[in-house]
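# An overview of the molecular structure
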Amino acid sequence: QGQVVESGGGLVQPGGSLRLSCAASGIIFSIYPMAWYRQAPGKQRELVATITGAGSTNYADSVKGRFTISRDNAKNTMYLQMNSLNPEDTAVYYCNVDSTKPYPGLTWGRGTQVTVSS
């Protein structure tokens, strides 16, 4: 079964930026629609952004205009550029297959912690 490993999280001040990476293995990455998710303390995991194999994107309203999802199929890697971060963005960020599409999901990784605080 395919696997993913997230990286790039950290502590950042409000208004700052971070770039997350998601390295996938065990799948033909280029054909999979992928997504970033996040889970804040005490809340359910939510879908943040999606990207098809061809590069079409969609975003949750809460991050639209601030986050940019992208992928490099040659490197089996997906990215999430996060700008204008605010404390409400604090969460563990995960990547996986877009759950709204009829593709089998991958084993969940450990995620990467993003903390926005002054």
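Placed above this text is the structure.
Residues numbered from 1 in each chain as written. Predicted model: local features only at pLDDT ≥ 70, side-chain atom pairs only at ≥ 80, totals over all residues. Heavy atoms only, no water.

## Considerations on the side chain of E6
To be explicit about the condition: Helix numbers and strand numbers start at the N terminus; a helix is a DSSP run of H or I with at least 4 residues, a strand a run of E with at least 2. Exposure categories follow from relative accessible area, calculated using a 1.4 Å probe and restricted to protein chains: below 20% of the type maximum is buried, above 50% is exposed, and the middle band is partly exposed. As used throughout, the charge tally considers Lys and Arg to be positive and Asp and Glu to be negative, leaving His and the chain termini uncounted. Salt bridge, as applied in this entry: a Lys or Arg side-chain nitrogen positioned within 4 Å of an Asp or Glu carboxyl oxygen. N or O atoms within 3.5 Å of each other form a polar contact, as long as, within protein, one can give a hydrogen and the other can take it, and as long as residues adjacent in sequence are counted only when both atoms are side-chain atoms. We call two residues contacting when some pair of their heavy atoms lies within 4.5 Å.
Counting through the fold element by element, E6 comes out in strand β1 (residues 3–7). One buried charge, E6, has no salt-bridge partner; the nearest side chain with opposite charge is R45, at 7.9 Å. Within the local environment of E6, its side chain forms a polar contact with the backbone nitrogen of G111, the two atoms lying 2.9 Å apart. Ignoring any residue separated from it by four or fewer positions in sequence, one finds E6 in contact with S21, W36, Y93, Y94, C95, G109, R110, G111 and T112.

## Some points on the sheet that holds β1
Paired through backbone hydrogen bonds, the strands of a sheet run either parallel or antiparallel to each other. The line we're drawing: In this description, strands pair whenever DSSP reports at least two bridges between them. Each axis is a line fitted through C-alpha atoms, taken for helices only over the stretch in contact, and angles between the N-to-C directions span 0 to 180 degrees.
The 4 strands lie next to each other as β1-β3-β8-β7, forming an open sheet whose pairing is antiparallel. Edge positions in the sheet fall to β1 and β7 (67–72), since each has one partner strand and no second. Each neighbouring strand pair of the sheet contributes to a mean axis angle of 15 degrees, computed without reference to strand direction. Sheet topology places β7 next to strand β8 (residues 77–82); 6 bridges connect them, and they run antiparallel. Paired with D72 across the two strands is T77, which belongs to β8.

## As for the nonpolar core
In summary, soluble globular proteins display a tendency toward joint burial of nonpolar side chains. Formally: Buried Ala, Val, Leu, Ile, Met, Phe, Trp, Tyr and Cys residues form a nonpolar core when they are joined through side-chain atoms within 4.5 Å.
Among the nonpolar cores identified, the biggest contains 29 residues, and M34, W36, F67, M78, L80, M82 and Y93 are the most heavily contacted of them. Sequence-distant contacts of Y93, that is, excluding residues within four places in its chain, are made with E6, L20, W36, Y37, R38, F67, L80, M82, G111, T112 and V114.

## Considering the state of the cysteines
The condition that has to hold: Put simply, a disulfide is two cysteine sulfurs that come within 2.5 Å.
Going through the model one piece at a time under the given rule, you end up with 1 disulfide. Sulfur-sulfur distance for the disulfide between C22 and C95 comes to 2.0 Å. Judged by the sign of its S-S torsion, about 75 degrees, the bond between C22 and C95 is right-handed. Taken together, the residues C22 in strand β3 (residues 18–25) and C95 in strand β9 (residues 91–97) connect sequence positions 73 residues apart. This pair shows no difference in class: C22 is buried, exactly as C95 is.

## Digging into the pairing of β1
Covered by surrounding structure in β1 are V4 and E6 only, the residues Q3, V5 and S7 on the alternate face being uncovered. By the bridge criterion, 5 bridges tie β1 to β3 in an arrangement that is antiparallel. Opposite V5, over in β3, you have A23 as the bridge partner.

## Side note on the pattern of salt bridges
The tally for this structure, following the rule as stated, stands at 5 salt bridges. A salt bridge links R66 to D89; the shortest N-O distance between them is 2.7 Å. Highlighted residues: R66 in the loop between β6 (57–59) and β7 and D89 in the loop between β8 and β9, separated in sequence by 23 residues. In this structure, R66 and D89 share a single accessibility class: buried. K101 is the partner of D98 in a salt bridge, and the nearest nitrogen-oxygen pair spans 3.4 Å. Residue classification places D98 among the buried positions, given a relative accessible area of 2%. Three or more residues joined by partner-sharing salt bridges are found here, namely R38, E46, R66 and D89.

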